[in-house]
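Here are the chains, one letter per residue:
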Amino acid sequence: MDASYFIPNETDEFLISQYKDFLPKKIFDAHMHLPLGITIPASQGCGVYFRDAFTAEDYMADFSPLLPGVEKIRLNMMPHPADRAQADPANGLRDLGNDHVFAMHTVHPQHVVSPFILPADDEAFLWNLAERPGCRGLKCYAHATGAEDLEATFIEDYLPEAAWVVANEKKLPIILHLFRRAALSDPDNFRYIITMAKRYPNAQLVLAHCARGFAPWSMMKAIRELEDQGNIWFDLSAICESGPMAACILKNAGKRTMWGSDYPASMLRGRAVGVGKWQDWLVDENFS
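One structure accompanies this document, and this report is about it. As the structure is a computational prediction, the values presented were derived from the model and not from experiment. (Residues numbered from 1 in each chain as written. Predicted model: local features only at pLDDT ≥ 70, side-chain atom pairs only at ≥ 80, totals over all residues. Heavy atoms only, no water.)

Quick look at the environment of Ala183
Along the chain, the position of Ala183 falls in the loop between β5 (173-176) and α7 (187-199). C-alpha of Ala183 to C-alpha of Gly213: the two residues are 30 residues apart in sequence and 7.4 Å apart in space. With residues up to four places along the chain from it excluded, the contact list for Ala183 reads Leu178, Asn189, Ala211, Arg212 and Ser218. (Helix = DSSP H or I, 4+ residues; strand = E, 2+ residues; numbered from the N terminus. Contact = heavy atoms within 4.5 Å.)

See the structure below:
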């Protein structure tokens, strides 16, 4: 096992000492990834993606120093979908990534899997995927369209309705990363979320990254207008601003808000900040 990309320093140790008593004994990481390098050629070998294959053991070695006193950690293991190379189902890269996390479940059955789905996946394919041991969710991502301009993609471009049908029948979560610059405030995104959550009430829609609230303005007003369907959830992964996190928690009294690390991206030293109408990542790599 390779050494961790993130080595806690004196400042980190101080911060850990400040929050350690707040941590529960059991943690479920609702949003994390175990990348397989060959499936993400644009990132392979760069920064936090320095390993050829990330494992559950790597997660524990990297993350456990940041979670002192936690006795049990369960993972929602997802492949890493952020590479257009996986948009073509014929090249098998998407399947390799999914097979990797399912193999991790075989070794660590206490964890669960949310495989990566593509726009062309039909109901038969998704039923077979959902029946694989450990599958407890479906993960979609705009890179699956192969589009150069991800800000122009609509949710229906990368989330097939067949996924809603299967998720509704099996009461599975769909982990959705919003694109389009205005995120939840985008009228098309907002309309789609409301329409589909009503049409498929047993599917559990998880709006990842506080409904992609890296820029707080993009979700803090819209979330107040989001109709409470009871099947719309939020995860806090990779969000570093307090406003979006508070908005998600207040929207449903914390009952449908989950913590997620977004590992291994969370091994970067720095933070995502809202800047005007957009966001920026202030991390070591930007200043080296």
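Observations regarding the environment of Asn98
By secondary structure assignment, the location of Asn98 is in helix α3 (residues 93-107). A relative accessible area of 2% places Asn98 in the buried class. C-alpha separation for the pair Asn98 and Tyr192, spaced 94 residues apart in sequence, amounts to 27 Å. Apart from the residues within four sequence positions on either side, Asn98 is in contact with Pro79, Pro115, Phe116 and Leu129. (Buried < 20%, exposed > 50% of the residue type's maximum accessible area, 1.4 Å probe, protein only.)

What to know about a positive patch on the surface
There is a patch of like positive charges on the surface, built from Lys26, Lys72, Arg74 and Arg136. The partly exposed category is assigned to Arg74, whose relative accessible area is 31%. (Patch = residues over 30% accessible without salt bridge, like charges linked within 9 Å, V, L, I, M, F, W, Y side chains within 5 Å. Areas by Shrake-Rupley, 256 points an atom, 1.4 Å probe, with all protein chains shown as cover. Salt bridge = Lys/Arg side-chain N within 4 Å of Asp/Glu carboxyl O. Lys, Arg positive; Asp, Glu negative; His and termini not counted. Charge placed at Lys NZ, Arg CZ, Asp CG, Glu CD.)

Here's the deal with the pairing of strand β7 (residues 232-235)
Strand direction decides the pairing type here: strand β6 (residues 204-207) and β7, joined by three bridges, are parallel. Paired with Leu205 across the strands is Ile232, a residue of β7. Bridge count between β7 and strand β8 (residues 257-258): two bridges; the pairing is parallel. Counted as the bridge partner of Phe234 is Thr257 from β8. Running through helix α11 (residues 242-251), the crossover from β7 to the neighbouring parallel element β8 is right-handed. (Pairing = 2+ DSSP bridges. Right-handed = clockwise from strand over helix to strand, strands pointing away.)

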